[in-house]
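Okay, here's what each chain looks like letter by letter:
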Amino acid sequence: MGKHTQNCTLIGKGVYGTIGVDQRSRLADGPHFHTMIVTSTLEASVIEGDKLVIKSGIVRCDGDIRVSSISGSGDIEVGGDIICDEITFTGKLRCNGDIVCSGNLSVNGSLGTRHISGQTVRLNGVLKGHDVNSRALEVHPLRSTMFSRFDMDGYEDGSTVRHITAVTVEANHLQCRTLTADSAMLRNGSAVESATCATALGIDRTSSVLLVNGDCQRIHLKTA
């Protein structure tokens, strides 16, 4: 496997060690890489490889992304699914399909997708999705001014997920239809229609749960 420094608009078929995308480029069908570093704009039908590193770049993929890891900062738009081991990303990540992460998923910014599964799903910013299935889910508001560098807006609406299934949930400013967890802590204007908790359910005075199922301990949380 050789190193391919991207100086043209088309990345052809082949097996590469490192691909550096430093100008607007199109990925042909078939290439496989160990590491891809995107500092410009990359367009593709399908992306397959090991490490996808985005450094203030843009990735637009019509189909699926299948990689071992996604990291960095910028903007990702995916028409299909994301299948990976790990995601650590700052910016906007929009996926029309499902995100299936065998390890941990951490996004600082905004994350929009249909279905999310992972070990730990941690979102600092805004989450929009149909359902989340994970061992641990953490949703916190965006609190850093550093994200103004990425021209990111639209974080006042809070997060919305229809269905959540997790062992533990810590949520702020989250709207949810059904929540099933061992324990859940809801703060900062969170609202859940129906919650089923086996051990504990914590709610601050700004949050609400219309229907509580399960014989769990009720905890009154301090409002941040």
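As shown above, the structure is provided for reference.
This one's a predicted model, so the numbers in the text were calculated from it and none came from an experiment.

Asks: What is the right way to read the overall build of the protein from this model?
Replies: Check the secondary structure of the protein and you find zero helices and 18 strands. A buried classification covers 49% of the 224 residues belonging to the protein. When contacts within the protein are restricted to residue pairs at least 6 apart in sequence, those whose partners lie at least 24 apart make up 13%. Accessible surface, the protein: about 10,400 Å² in total, of which carbon and sulfur atoms supply 47%.

Asks: Would you mind showing me how to read the pattern of salt bridges here?
Replies: Side chains that carry opposite charge are capable of pairing whenever their charged atoms lie near each other. For the structure on display, the rule yields seven salt bridges. Close ionic contact of Arg94 with Glu77 constitutes a salt bridge, the shortest N to O distance being 2.8 Å. Within this pair, whereas Arg94 is found in strand β11 (residues 86–95), its partner Glu77 is found in strand β9 (residues 69–78), the two being separated by 17 residues in sequence. Taking the relative accessible area as the measure of exposure, Arg94 reaches 30% and is therefore partly exposed. For Glu77, a relative accessible area of 30% gives the class partly exposed. One salt bridge in this structure joins Arg122 and Glu138, with 3.1 Å as the shortest N-O distance. With a relative accessible area of 32%, Arg122 lands in the partly exposed category.

Asks: How do you make sense of the nonpolar core when you look at a structure like this?
Replies: For soluble globular proteins, nonpolar side chains are generally found buried alongside one another. Ranked by size, the top nonpolar core spans 55 residues in total, and within it Ile47, Ile65, Ile82, Ile87 and Leu179 carry the most contacts. Looking at this core, the element that brings in the most residues is strand β13 (residues 105–140), giving 10 residues. Dropping the residues within four chain positions of it, Ile82 is found in contact with Ile65, Ile70, Ile87, Leu93, Cys95, Asp98, Ile99 and Val100.

Asks: Any chance you could explain the environment of Ser159 here in plain terms?
Replies: Positionally, Ser159 belongs in strand β14 (residues 159–172). Taking the C-alpha atoms as reference points, Ser159 and Gln175, 16 residues apart in sequence, are found 6.2 Å from one another. The contact partners of Ser159, leaving out residues within four places of it in the chain, are Gly125, Val126, Leu127, Val139, His173, Leu174 and Gln175. A distance of 2.9 Å separates a polar side-chain atom of Ser159 from the backbone nitrogen of Leu127.

Asks: Can you walk me through the environment of Leu111 in this structure?
Replies: Considering the arrangement of structural elements, one finds Leu111 in strand β13. Accessibility expressed as a relative area gives 1% for Leu111, which makes it buried. Sequence-wise, Leu111 and Ser159 are 48 residues apart; in three dimensions their C-alpha atoms are separated by 9.4 Å. Not counting residues up to four positions away in its chain, the partners in contact with Leu111 are Leu93, Ile99, Leu105, Ile116, Leu123, Val126, Leu127 and Lys128.

Asks: Could you clarify how one ought to interpret the side chain of Glu138 in this entry?
Replies: Position of Glu138 among the secondary structure elements: in strand β13. Given the relative accessible area of 18%, Glu138 is considered buried. Among the polar contacts made by the side chain of Glu138, one reaches the side chain of Arg122 at a distance of 3.1 Å. Ignoring anything within four residues of it in the chain, the contact list for Glu138 reads Val121, Arg122, Leu123 and Glu170.

Asks: What exactly am I supposed to notice about the side chain of Asp98 here?
Replies: Here Asp98 lies in strand β12 (residues 98–101). One polar contact links Asp98 to Arg114, side chain to side chain, over a distance of 2.9 Å. The residues contacting Asp98, other than those within four sequence positions of it, are Gly80, Asp81, Ile82, Thr113, Arg114 and His115.

About the thresholds
Sequence order as written defines the numbering, with residues in each chain counted from 1. Whole-chain, interface and lining totals are the exception, using all residues; otherwise, since this is a predicted model, local features are given only for residues with pLDDT of at least 70 and side-chain atom pairs are given and counted only at 80 or more. The basis for the side-chain values is all heavy atoms of the structure; hydrogens and waters are excluded. A run of H or I in DSSP becomes a helix once it reaches four residues, and a run of E becomes a strand once it reaches two; helices and strands are each numbered from the N terminus. Each residue is assigned to one of three classes by its accessible area relative to the maximum for its type, calculated with a 1.4 Å probe on protein chains only: buried under 20%, partly exposed between the two thresholds, exposed over 50%. Here, residues are in contact when the closest pair of their heavy atoms is within 4.5 Å. Using a 1.4 Å probe, the Shrake-Rupley method yields the accessible areas, and only the shown protein chains count as cover for residues. By definition, a salt bridge exists where a carboxyl oxygen of Asp or Glu is found within 4 Å of a side-chain nitrogen of Lys or Arg. To form a nonpolar core, buried Ala, Val, Leu, Ile, Met, Phe, Trp, Tyr and Cys residues must be joined to one another through side-chain atoms within 4.5 Å. Within 3.5 Å is the distance limit for a polar contact, defined as a pair of N or O atoms, with the added protein rule that one can donate a hydrogen and the other accept it, and that residues adjacent in sequence qualify only through two side-chain atoms.

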